[in-house]
Amino acid sequence: NAGVMQNPRHLVRRRGQEARLRCSPMKGHSHVYWYRQLPEEGLKFMVYLQKENIIDESGMPKERFSAEFPKEGPSILRIQQVVRGDSAAYFCASSPPGRNEQYFGPGTRLTVT
Amino acid sequence: DQQVKQNSPSLSVQEGRISILNCDYTNSMFDYFLWYKKYPAEGPTFLISISSIKDKNEDGRFTVFLNKSAKHLSLHIVPSQPGDSAVYFCAAPRSYNQGGKLIFGQGTELSVKP
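Structure report, in brief. (Residues numbered from 1 in each chain as written. Chains lettered and ligands numbered in written order. Predicted model: local features only at pLDDT ≥ 70, side-chain atom pairs only at ≥ 80, totals over all residues. Heavy atoms only, no water.)

Description of the overall build of chain A
Helices and strands together make up the secondary structure of chain A, namely zero helices and eleven strands. Mapped in sequence order, the helices and strands of chain A form the string β-β-β-β-β-β-β-β-β-β-β. Over its C-alpha atoms chain A spans a radius of gyration of 13 Å, differing by no more than 12% from the 13 Å that the globule rule assigns to 113 residues. With the C-alpha coordinates of chain A rotated into their principal frame, the extents come out at 40 × 25 × 25 Å. Looking at the 113 residues of chain A, the share that counts as buried comes to 45%. (Helix = DSSP H or I, 4+ residues; strand = E, 2+ residues; numbered from the N terminus. Rg over C-alpha atoms; globule rule 2.2 N^0.38 Å. Buried < 20%, exposed > 50% of the residue type's maximum accessible area, 1.4 Å probe, protein only.)

Below you can see the structure in the form of structure tokens.
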């Protein structure tokens, strides 16, 4: 059973470009979460999705950030017009319904130059 | 508002001795807690969890203790091994068994010296 997959592992973008981060949950997991870890900080929740639904986006910045988990395909975290402050490690996690344990992918390290 | 706190950013322990990592929380509604281990450039790995109906949960070398009255939990690793060197995060789910975000502490970096 493959774990949570994220790609790309590393992404370099210039200021003003768009960043797209992809996440495929573990088989059988219908809940997907995105977290961000800024340098020297802990993990901060961004968004919680189920198939075709955003359940909780209370951690998402109000502008430039969006997330989706379509019926088919991976979950996508999209950052428009990136700024240097968006440089961070972005982690995706998944869980089966009704469970607290979340299983994390290896992360995407975004660098904005 | 930091609802889950790990006040020690780092801990150094000799191989074979006990490592004790601490975590405090402020929200008395939290009723489940998880510990994750994270190596550099990797995602967090789930280690062990505890429900508030228990005060102890053990899995091999790892034991988590929960003191609800003090709103405090700790992770004990015995005996510590060099491969345990990593950052350890405690976390609490916003709502029990309903899915939802995990609230993480800031992490404690454990270094186990041979």
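On we go.
Here we look at a nonpolar patch on the surface
Together, I18(B), I20(B) and V78(B) make up a nonpolar patch on the protein surface, roughly 230 Å² of accessible area in all. When you line up the elements, V78(B) lands in the loop between strand 8 (72–77) and strand 9 (86–93). (Patch = residues over 30% accessible without salt bridge, like charges linked within 9 Å, V, L, I, M, F, W, Y side chains within 5 Å. Areas by Shrake-Rupley, 256 points an atom, 1.4 Å probe, with all protein chains shown as cover. Salt bridge = Lys/Arg side-chain N within 4 Å of Asp/Glu carboxyl O.)

Concerning the packing of aromatic side chains
Applying the stated rule across the entire model yields 13 aromatic pairs over all chains. An angle of 15 degrees between the planes, with centres 4.7 Å apart, marks the rings of Y33(A) and Y48(A) as stacked. Of this pair, Y33(A) sits in strand 4 (residues 31–37) while Y48(A) sits in strand 5 (residues 43–50), and the two are 15 residues apart along the sequence. On the basis of relative accessible area, Y48(A) is assigned to the buried category, the value being 2%. Judged by centre distance (5.6 Å) and plane angle (90 degrees), the ring pair of Y35(A) and F104(B) falls under edge-to-face. In this pair, Y35(A) sits in strand 4 while F104(B) sits in strand 10 (residues 102–104), so the two residues belong to two different chains. One aromatic cluster in this structure is built from Y35(A), F45(A), Y103(A), F104(A), Y36(B), F46(B), F89(B) and F104(B). (Phe/Tyr/Trp six-rings, centres within 6.5 Å; stacked < 30°, edge-to-face > 60°.)

Looking at the interface of chain B and chain A
Across the contact, 25 residues belong to chain B and 23 residues belong to chain A. Approximately 1,800 Å² of surface area, both sides summed, lies buried where chain B meets chain A, with 52% of it carried by carbon and sulfur atoms. Run the count over chain B and chain A and you get zero salt bridges. For the interface between chain B and chain A, the tally reads five residue pairs in polar contact (both at pLDDT 80 or more). When residues of the side of chain B that touches chain A are traced back to their parent elements, those giving at least two are strand 4 (32–38), strand 5 (45–51), strand 9 and strand 10 of chain B. (Contact = heavy atoms within 4.5 Å. Buried area = accessible area lost by both parts, 1.4 Å probe. Polar contact = N/O pair within 3.5 Å; in protein donor to acceptor, adjacent residues only side chain to side chain.)

Quick look at the sheet that holds strand 3 (residues 19–25) of chain B
Residues and elements named next belong to chain B. Taken together, the five strands give an open sheet; going across it, the order is 1-3-8-7-6, and neighbouring strands pair in antiparallel fashion. In the strand order of this sheet, the two ends are held by strand 1 (4–5) and strand 6 (56–59), each with one partner. Where strand 6 meets strand 7 (residues 62–67), four bridges bridge the pair, whose relative direction is antiparallel. Residue pairing for strand 7: N57 is matched across the bridge by V64. (Pairing = 2+ DSSP bridges.)

Thoughts on the nonpolar core
Membership of the largest hydrophobic core comes to 24 residues, with the highest contact counts inside it found for F33(B), W35(B), L73(B), L75(B) and Y88(B). Only strand 3, strand 4, strand 5, strand 7, strand 8, strand 9 and strand 11 (108–113) of chain B provide two or more residues apiece to this core. It is strand 9 of chain B that contributes the most residues to this core, four residues altogether. Those residues within four positions of Y88(B) in sequence are excluded, and the remaining contacts are Q6(B), L21(B), W35(B), Y36(B), K37(B), L47(B), L75(B), I77(B), G107(B), T108(B) and L110(B). Within the second largest apolar cluster, 23 residues are counted, among which are L21(A), C23(A), L77(A) and Y90(A). (Core = buried A, V, L, I, M, F, W, Y, C linked by side-chain atoms within 4.5 Å.)

Side note on the pairing of strand 8 of chain B
All names here are of chain B. Strand 8 sits mainly inside the fold: five of its six residues count as buried. Both strand 3 and strand 8 contribute to a ladder of six bridges, which runs antiparallel. Bridge pairing in strand 8 links I20 to H76. Taken together, the six bridges between strand 7 and strand 8 define a ladder with antiparallel strand orientation. When the sheet's bridge partners are listed, L66 is paired in strand 8 with L73.

Some words on the sheet that holds strand 7 (residues 65–68) of chain A
Residues and elements named next belong to chain A. Strand order in the open sheet formed by four strands is 1-3-8-7, with antiparallel pairing between adjacent strands. Looking at which strands have only one partner, the edges of the open sheet turn out to be strand 1 (5–7) and strand 7. Adjacent strand axes in the sheet meet at a mean angle of 15 degrees, parallel and antiparallel pairs treated alike. Summarising the sheet, strand 3 (residues 19–24) and strand 8 (residues 75–79) pair through five bridges and their orientation is antiparallel. Bridging from a neighbouring strand, L21 pairs with L77 of strand 8. (Axes fitted to C-alpha atoms, helices over the stretch in contact; angles between N-to-C directions.)

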